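Examination of the molecular architecture
Letter by letter, the chains look like this.
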Amino acid sequence: MYKCCMAGSTIARLGSIAAEQWGMFTTSQAVAVGAARNTLSALNASSAITRVAQGVYRMAGVPEGDPEIDRIRIDWLAVGGTGLTVAGKSAAAVHRIGDWFPGVTELVAPHRRTTRLSSIRLRVRKLDAADVTYIDGLPTMTVERTIADLVEAREDLSLIADALRHAAQNGTLLVPQRLAQLLDPLARRNGEVTGADLGERMMLAAGLDDAWIARLR
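Notes on the structure follow. Nothing here was measured: the structure is a model prediction, and the numbers come from that model.

With that settled, the discussion passes to the packing of helix H7 (residues 157-170) against helix H9 (residues 195-206). With their axes 8 Å apart at the nearest point, H7 and H9 run at an angle of 75° to one another. For the element pair H7 / H9, the angle class is roughly perpendicular. Only Arg201, Met202, Met203, Ala205 and Ala206 of H9 make contact with H7, whose side of the interface consists of Leu157, Ile160, Ala161, Leu164 and Arg165. Here the residues of the contact of H7 with H9 are counted per class, giving eight nonpolar, no polar and two charged.

For the coordinates displayed, the defined rule picks out 18 salt bridges. Linking Arg73 and Asp136 is a salt bridge whose minimum nitrogen-to-oxygen distance equals 2.8 Å. Linking Arg73 in helix H4 (residues 67-78) with Asp136 in the loop between strand E7 (132-135) and strand E8 (138-141), this pair joins segments that are 63 residues apart in sequence. Residue Arg73 is classed as buried on the basis of its relative accessible area, which comes to 13%. A salt bridge links Arg125 to Asp149; the shortest N-O distance between them is 3.8 Å. Highlighted residues: Arg125 in the loop between strand E6 (120-124) and E7 and Asp149 in helix H6 (residues 143-152), separated in sequence by 24 residues. Look at Asp149 and you get buried, because its relative accessible area is 3%. Among the ionic contacts, a cluster of salt bridges with common partners joins Glu106, Arg121, Arg123, Arg125, Arg145, Asp149 and Glu152.

Another aspect to go through is the nonpolar core. Core analysis: the biggest nonpolar cluster contains 29 residues, and Ile147, Leu173, Leu183, Met202 and Met203 have the highest contact counts within it. The set of elements that each furnish at least two residues to this core consists of H6, H7, helix H8 (176-183), H9 and helix H10 (210-214). When residues no more than four places from it in sequence are discounted, the contact partners of Met203 are Leu164, Leu173, Pro176, Leu208, Trp212, Ile213 and Leu216. Core analysis: the second largest hydrophobic core is formed by 22 residues, Ile69, Ile74, Val79 and Val108 among them.

Glancing now at H6. Most of H6 sits out of view: nine of its ten residues are buried. Residues of H6 that are buried: Val143, Glu144, Arg145, Thr146, Ile147, Ala148, Asp149, Leu150 and Val151. Tucked into the core, H6 has its buried residues touching helix H5 (88-95), E6, E8, H7, H8 and H9. Among the residues trailing H6, Arg154 stands out with phi positive, at a value near 65°.

On to the sheet that holds strand E1 (residues 24-26). Reading across from one edge, E1-E3-E2 is the order of the three strands in this open sheet, with antiparallel pairing throughout. Strand pairing shows two members of the sheet lacking a second neighbour, E1 and strand E2 (49-53), which therefore form its edges. Between one strand axis and the next, the sheet turns by 35° as a mean value, whatever way the strands run. Bridge count for E2 against strand E3 (residues 56-59) is four bridges, and the pairing is antiparallel. Bridging from a neighbouring strand, Ala53 pairs with Val56 of E3. Each of E1, E2 and E3 touches helix H3 (residues 37-45); the most contacted strand, E2, lies at about 105° to it.

Criteria and cut-off values
Residues numbered from 1 in each chain as written. Predicted model: local features only at pLDDT ≥ 70, side-chain atom pairs only at ≥ 80, totals over all residues. Heavy atoms only, no water. Axes fitted to C-alpha atoms, helices over the stretch in contact; angles between N-to-C directions. Helix = DSSP H or I, 4+ residues; strand = E, 2+ residues; numbered from the N terminus. Parallel < 35°, antiparallel > 145°, perpendicular 65-115°, else oblique. Contact = heavy atoms within 4.5 Å. Nonpolar A, V, L, I, M, F, W, Y, C, P; charged D, E, K, R; others polar. Salt bridge = Lys/Arg side-chain N within 4 Å of Asp/Glu carboxyl O. Buried < 20%, exposed > 50% of the residue type's maximum accessible area, 1.4 Å probe, protein only. Core = buried A, V, L, I, M, F, W, Y, C linked by side-chain atoms within 4.5 Å. Pairing = 2+ DSSP bridges.

As structure tokens, then:
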């Protein structure tokens, strides 16, 4: 009876954490609320929780989400989450723009961080607060910052134009003028004078009309 109550109490504490994180929690978070590692092993063996990655568990009964987005969330948790922002093609996947297969989860941090996980690529980049948004609780580059990040990474501009079109269609391209500002340092290497010029070229390739182009300036 005592063990049963203890298990129930532990599950309740873990569930409280998981409720804020897509039904998942990390080993370090569990230890912080008094759940020993051997307790996690026992709960996993009893199917009360499921290990989904090294150091990451999902509560029983929580449905899996979109596999691509789930993988990004799991990787974000696996490397500590706090201070990390989803970037590049991974951010495009979270925003559901473009047509890439991310392969690895791209994350940026303001200071150097490392991981041994081959599924994760960590980069150093300091982001303005205005360039980060939260998608279902996951800190992610805004669409504008994502587009600029893809241009900086030298991704195919025609594919980036597709992402731009998707963002316009789904209402997530909110500040085209900010996009132009972010593209400014990348304009000349892409054959344009200003970020607005580069943005206009991509918008034209995306089939967006003059009203969108006017919002770049």
